Amino acid sequence: MKRTKIKNALNSEHPMAEVTVKGWVRTKRDSKGFSFLELNDGSCLKNIQVIVDHTPEIEAELARIGTGASVSVDGELVESPGKGQKWEVRGKALKLIGEADQETFPLQKKRHTDEFLRGIAHLRPRTNKYGAMFRIRSELAQATHKFFAERDFFYVHTPVLTGSDCEGAGEMFRVTSLEHGSKAPIEEDFFGKPAHLTVSGQLEAEMFALSLGDVYTFGPTFRAENSNTPRHVAEFWMIEPEMAFVDLEGNMGFGEEMIKYLVRHILDNCAEDVELFAKWVNKQLMTELEILLKKDFVRLPYTEAIDILLKSKKEFEFPVEWGIDLQTEHERFLCEEKFNQPVYLYDYPKTIKPFYMRLNDDDKTVAAMDCLVPRIGEIIGGSQREERMNVLLARMKEMELPEEDYWWYVDSRRFGSAPHSGFGLGFERMLMLVTGVSNIRDVMPFPRTPKHLEF
RNA sequence: UCCCCAGUGGCUCAAUCGGCAGAGCGGGUGACUGUUAAUCACUAGGUUCGCGGUUCAAGUCCGUGCUGGGGAGCCA
């Protein structure tokens, strides 16, 4: 018989004379003459309760069934006479599919620490919390595409492999098909020149914004930084919209609209899973998200931010003056203490920002923007791009970038250039925002961090 | 990479001043005719992260390495 997903069985409007459910046993409770099984198949947070009488055939199966085993149950869906659930399955036939040895199966019925579960990342989606996490992750990805589709954006697949080794100041992963330790000249390597994993699809996305209008990329991104923090991983997913004929203000407005849309979508579509996080992970979660949805994001020019920091009379480890790159302590003060809500900082000094950001009329600042949210820090980083070819070339020269490596990028300004803007939004940080989880390693199926390439 | 903290049974933790390694949960066995992290009884389970040192004696003190966590830096 066709399998009914537990989610659908639990949401059933009426009893079912014949039903088959399959899933993993969360717990088994034996009595004389009958047993209860709690079954979860991942379709939703809740388990379905199965009751089976101890016929000889069923008893033989039950003897080998414990927490973690996968089973199949044929029976009927009936209203449960017990408290705690509406429906239960009265099992007629019970079949063990995959045994789980109780002596060595690492998941128990009790709560485990996140640290322990990280060590068994291959099994943690079988827990309530991580099951909920990865259902939300899936929904958040779907919502991202939905958001863009509803606004007539095109989804662009920018390359993961890149040939420019000066794509950014960040450390990049080298890609090669040569043997380790090979002394062969670079010309003999696969591409005949140094190849790396992408740190951003932005430059390529810009080419498509200047042809398809509104586009976005959504894919994996790599950073070889030796970072050991709860906010950094070597491989993560980034959403990067790029929009033609949009200035910095439009860019910030769009980012705010997007964050609010995604939060709203998850609250509306993953209520049960989110509730788990609000209850067990972060008690302030719902309050935080309500504030985020209700208030307009603060818009604060960098220069004013420096002013606020100077006037705060707060002792910072890193002294504040105009021109510095803001440190974590500064960002936290502004976002969590001063405003306690999402804050856009914009118009940064050109000296601390990359070459492609549009130079403002003051000749000192560029049209950059960062969106900071409490608890997470930077969730969006973006800018209006420099569309004036002569200014762009001057900036590249200033920063000693080899023009020839960017010939195609400069070409987009040579032919039919237009104002355009975009930003990058860290997908995992967005997940941390909606779930209240504080370590990025716990919002990814198999996180990659320095010295960790297990699974 | 730097600073701080931690590592004891499968998991979460305890162990006084350096003096017999323990509990709860989980596992196993049994009891129980509607359980809900079921309950009750019995039971097994230890290289106290590795290496070296101090000491009559080290889970405990010292050195070192590894692992984990937190903070910072790095970070398109």
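Residues numbered from 1 in each chain as written. Chains lettered and ligands numbered in written order. Predicted model: local features only at pLDDT ≥ 70, side-chain atom pairs only at ≥ 80, totals over all residues. Heavy atoms only, no water.

A. Geometry of the domain arrangement of chain A. According to the domain assignment, chain A consists of domain 1 (6-105) and domain 2 (124-160 + 198-442). Of note, the centres of domain 1 and domain 2, computed from C-alpha atoms alone, are 45 Å apart. Residue-level contacts link nine residues of domain 1 with eight residues of domain 2. Carbon and sulfur atoms supply 41% of the area buried between domain 1 and domain 2, which totals about 700 Å² over both sides. On the domain 1 side of the interface with domain 2, the three residues burying the most area are W24, R26 and L45, jointly 66% of the side's total. Our count for the domain 1 to domain 2 interface comes out at one salt bridge. Among the ionic pairs, K46 bridges to E272, the shortest N-O distance being 2.8 Å. (Domains from an automatic or database assignment. Contact = heavy atoms within 4.5 Å. Buried area = accessible area lost by both parts, 1.4 Å probe. Salt bridge = Lys/Arg side-chain N within 4 Å of Asp/Glu carboxyl O.)

B. Seen up close, the side chain of H420. Following the sequence through the fold, H420 ends up in strand β16 (residues 420-426). A polar contact of 2.7 Å, which involves the side chain of H420, links it to the side chain of E206. A polar contact of 2.9 Å, which involves the side chain of H420, links it to the backbone oxygen of A418. Not counting chain neighbours up to four residues away, the residues in contact with H420 comprise E206, L210, E242, M243, A244, F245, V246, Q384, R385 and R413. (Helix = DSSP H or I, 4+ residues; strand = E, 2+ residues; numbered from the N terminus. Polar contact = N/O pair within 3.5 Å; in protein donor to acceptor, adjacent residues only side chain to side chain.)

C. Local environment of the environment of I6. On the secondary structure map, I6 appears in helix α1 (residues 6-10). A relative accessible area of 0% places I6 in the buried class. Sequence separation between I6 and L309 is 303 residues; the distance between their C-alpha atoms is 54 Å. Contacts of I6, omitting those with residues within four sequence positions, involve V21, K22, L39, N40, D41, S43, C44, K46, N47 and I48. (Buried < 20%, exposed > 50% of the residue type's maximum accessible area, 1.4 Å probe, protein only.)

D. Representation of the sheet that holds strand β8 (residues 174-175). Strand order across the open sheet formed by three strands is β7-β9-β8, with antiparallel pairing between neighbours. Where the open sheet ends on each side, the last strands, each with one partner, are β7 (161-162) and β8. Where β8 meets strand β9 (residues 195-197), two bridges bridge the pair, whose relative direction is antiparallel. Looking at β9, one finds that R174 is bridged to H196. (Pairing = 2+ DSSP bridges.)

E. Examining the nonpolar core more closely. In this structure, I259, V263, I379, I380, L425, M430 and L433 are the most contacted members of the largest nonpolar core, which totals 66 residues. Looking at which domains feed residues into this core, each of domain 1 (6-105) and domain 2 (124-160 + 198-442) gives three or more. Dropping the residues within four chain positions of it, V263 is found in contact with L289, L292, L293, M430, L433 and V434. The next biggest cluster of nonpolar side chains, apart from the first, holds 32 residues, and it includes A305, F316, V391 and V410. (Core = buried A, V, L, I, M, F, W, Y, C linked by side-chain atoms within 4.5 Å.)

F. How the structure looks around the packing of aromatic side chains. Throughout the structure, instances matching the rule amount to 23 aromatic pairs. Relative to Y409, the ring of F355 has its centre 5.9 Å away and its plane inclined at 70°; by these criteria the two rings are edge-to-face. Residue F355 is located in the loop between β13 (343-349) and β14 (365-373), and its partner Y409 is located in helix α12 (residues 407-414); the two are separated by 54 residues in the primary sequence. Residue F355 is classed as buried on the basis of its relative accessible area of 5%. Given the relative accessible area of 0%, Y409 is considered buried. Ring pairing ties together the aromatic residues F147, F148, F153, Y155, Y216, F254, Y261 and F423, which thus form one cluster. If you follow K353 out to its NZ or CZ, it ends over the ring of Y348, 4.3 Å from the centre. The ring of Y409 is capped by R413, whose NZ or CZ atom sits 4.2 Å from the centre of that ring. (Phe/Tyr/Trp six-rings, centres within 6.5 Å; stacked < 30°, edge-to-face > 60°. Lys NZ or Arg CZ within 6 Å of the ring centre and 35° of its normal.)

G. A look at helix α7 (residues 271-280). Among the residues of α7, D273, V274, L276, F277 and A278 are the ones counted as buried. Buried residues belonging to α7 abut α4 (128-150), α6 (248-269), α8 (285-294) and α13 (427-435).

H. Spotlight on unusual backbone geometry. One non-glycine residue with positive phi stands out, namely E400, at about 55°. Along the chain, E400 falls in the loop between α11 (389-398) and α12. A relative accessible area of 71% means that E400 is categorised as exposed.

I. Quick peek at the environment of V320. Relative to the assigned elements, V320 resides in the loop between α9 (302-311) and α10 (328-339). Overall, V320 belongs to the buried group, its relative accessible area being 15%. In sequence terms V320 and D307 are 13 residues apart; their C-alpha atoms lie 9.1 Å from each other. When near neighbours in sequence (up to four residues on either side) are disregarded, V320 contacts I306, L309, L310 and H330.

J. Quick peek at the environment of L203. Of note, L203 is situated in helix α5 (residues 202-212). Classification of L203 by relative accessible area gives buried; the value is 8%. Residues L203 and W408 lie 205 residues apart in sequence; the distance between their C-alpha atoms is 9.8 Å. Leave out the neighbours within four places in its chain, and L203 touches Y356, Y406, W408 and Y409.

K. Molecular detail of the sheet that holds strand β1 (residues 16-31). Overall, mixed pairing links the five strands, which are arranged β1-β2-β3-β5-β4 in a closed barrel. On average, each strand axis in the sheet is tilted by 50° relative to the strand beside it, whichever way the strands run. Pairing between strand β3 (residues 48-53) and strand β5 (residues 87-98): four bridges, direction parallel. Looking across to β5, one finds that I51 is bridged to R90. (Axes fitted to C-alpha atoms, helices over the stretch in contact; angles between N-to-C directions.)

L. Molecular detail of the pattern of salt bridges. Enumeration over the complete set of coordinates arrives at 30 salt bridges. One salt bridge connects K260 with E256, and the closest N-O pair in it is separated by 2.8 Å. Of the two residues, K260 and E256 are both situated in helix α6; the distance of four residues between them amounts to about one turn of the helix. Like K260, the residue E256 is buried in the burial classification. Across the salt bridge formed by R375 and E288, the nearest N and O atoms sit 3.0 Å from each other. Of the two residues, R375 is situated in the loop between β14 and β15 (377-384) and E288 in helix α8; the sequence distance between them amounts to 87 residues. The exposure class assigned to R375 is partly exposed, which follows from its relative accessible area of 25%. Taking the relative accessible area as the measure of exposure, E288 reaches 25% and is therefore partly exposed. Because the salt bridges share partners, they merge into one network encompassing K146, E150, R151 and E257.

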